[in-house]
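Listed below, chain by chain, are the residues.
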Amino acid sequence: MGGNPTDLGWELSTAVVLFHEAIARRLGLNAAEHKALGMIIRSGPLPTGALAPLLGVGASAVTGIVDRLERAGYVRREPDPADRRRVLVAADPTRTPDLTGIFADLGREMGAFMGRYDEREMAAVVDYITNTIRVLKTQTARLAEED
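Notes on the structure follow. This one's a predicted model, so the numbers in the text were calculated from it and none came from an experiment. (Residues numbered from 1 in each chain as written. Predicted model: local features only at pLDDT ≥ 70, side-chain atom pairs only at ≥ 80, totals over all residues. Heavy atoms only, no water.)

Examining the layout of surface pockets
Then comes step 1: Each pocket or cavity is described by its volume, and for the largest pocket that value is around 2,300 Å³.
Then comes step 2: Together, 49 residues line the largest pocket, and Val-16, His-20, Lys-35, Ile-133 and Leu-136 are the ones closest to its centre.
Then comes step 3: Secondary structure elements with two or more residues in the lining of the largest pocket: α1 (5–27), α2 (31–43), α3 (48–55), α5 (100–114) and α6 (119–146).
Then comes step 4: Residue composition of the lining of the largest pocket, grouped by class: 33 nonpolar, ten polar and six charged. (1 Å grid on protein atoms, 1.4 Å probe; cavity = no way out; pocket = protein on both sides within 12 Å on 5 of 7 lines; lining within 4 Å. Points joined across faces, edges and corners; volume = space filled by probe spheres on them. Helix = DSSP H or I, 4+ residues; strand = E, 2+ residues; numbered from the N terminus. Nonpolar A, V, L, I, M, F, W, Y, C, P; charged D, E, K, R; others polar.)

This is the structure we're talking about:
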């Protein structure tokens, strides 16, 4: 690993993507499908169109993602009780993947080294991560708009 911030950013990004790809493969999904499933599970049923900006992809890409999740049995489309013309995508509670072991291991390892940081250092880490998330969301939205 290099000490150059650009190299570290690239290495971090790659490690995160590969981690989520590995989890997704366990579920028979790709990373985008896994992230979409996670968003649906966390937010509850939502319209397909609401997933597009969350994932930073266009409407046709979201339709394909939801189609694949539905074929795999992870989600189902159901009428919106508030507006029968709208369709919601809901996670199938009987097929919600149990990833607690994977994330418990990750949490333990992360906690082991993060405990070495004092309050000031942790504030800097949190600031860096918060701003990285903000920049990535902005850039993802910009790229999605260009498509």
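From this point, the discussion proceeds with the structure in view.
Description of the packing of aromatic side chains
Then comes step 1: The full count for this structure, using the stated rule, is two aromatic pairs.
Then comes step 2: When the ring of Phe-19 is compared with that of Phe-103, the centres are 6.0 Å apart and the planes differ by 80 degrees; the resulting orientation is edge-to-face. A residue pair is termed long-range when its members are at least 10 positions apart, and Phe-19 in helix α1 and Phe-103 in helix α5 qualify at 84 residues.
Then comes step 3: When its relative accessible area of 28% is taken as the criterion, Phe-19 is described as partly exposed.
Then comes step 4: For the pair Phe-113 and Tyr-117, a centre-to-centre distance of 6.5 Å together with 90 degrees between the ring planes defines the contact as edge-to-face.
Then comes step 5: A residue is classified by how much of its surface remains accessible, and Phe-113, at 30% relative accessible area, is partly exposed.
Then comes step 6: A cation over a ring is seen here: Arg-95 above Tyr-74, with NZ or CZ 4.4 Å from the ring centre. (Phe/Tyr/Trp six-rings, centres within 6.5 Å; stacked < 30°, edge-to-face > 60°. Buried < 20%, exposed > 50% of the residue type's maximum accessible area, 1.4 Å probe, protein only. Lys NZ or Arg CZ within 6 Å of the ring centre and 35° of its normal.)

Some points on the packing of α1 against α5
Then comes step 1: Packing of α1 against α5 brings their axes to within 12 Å, and their N-to-C directions diverge by 160 degrees. Classified by the angle between their axes, α1 and α5 sit roughly antiparallel to one another. Remark: the crossing between α1 and α5 carries right-handed chirality. Along its contact with α1, which presents Phe-19, His-20, Ile-23 and Arg-26, the element α5 presents Ile-102, Phe-103 and Leu-106. (Axes fitted to C-alpha atoms, helices over the stretch in contact; angles between N-to-C directions. Parallel < 35°, antiparallel > 145°, perpendicular 65-115°, else oblique. Left-handed = near helix turned anticlockwise from the far one by under 90°. Contact = heavy atoms within 4.5 Å.)

Some thoughts on the packing of α1 against α2
Then comes step 1: At their nearest, the axes of α1 and α2 sit 8 Å apart, and the two run at 80 degrees to each other. Overall, the two elements α1 and α2 adopt an arrangement that is roughly perpendicular. For the pair α1 and α2, contact is made by His-20, Glu-21, Ile-23, Ala-24 and Leu-27 and by Ala-31, His-34 and Lys-35, respectively.
Then comes step 2: Partitioning the contact of α1 with α2 into residue classes produces four nonpolar, two polar and two charged.

A word on the environment of Leu-27
Then comes step 1: Within the secondary structure, Leu-27 sits in helix α1.
Then comes step 2: Considering only alpha carbons, one finds Leu-27 and Arg-142, 115 residues apart in sequence, at a separation of 30 Å.

Points about the pairing of strand β3 (residues 83–91)
Within a regular strand, the side chains alternate between the two sheet faces.
Then comes step 1: Examined bridge by bridge, strand β1 (residues 46–47) and β3 share two bridges and lie antiparallel to one another. Its bridge partner being in β3, Leu-46 is matched across the sheet by Val-89.
Then comes step 2: Here strand β2 (residues 75–80) pairs with β3 via six bridges, running antiparallel. Counted as the bridge partner of Arg-76 is Ala-90 from β3.
Then comes step 3: Between the end of β2 and the start of β3, which pair antiparallel, lie two residues. (Pairing = 2+ DSSP bridges.)

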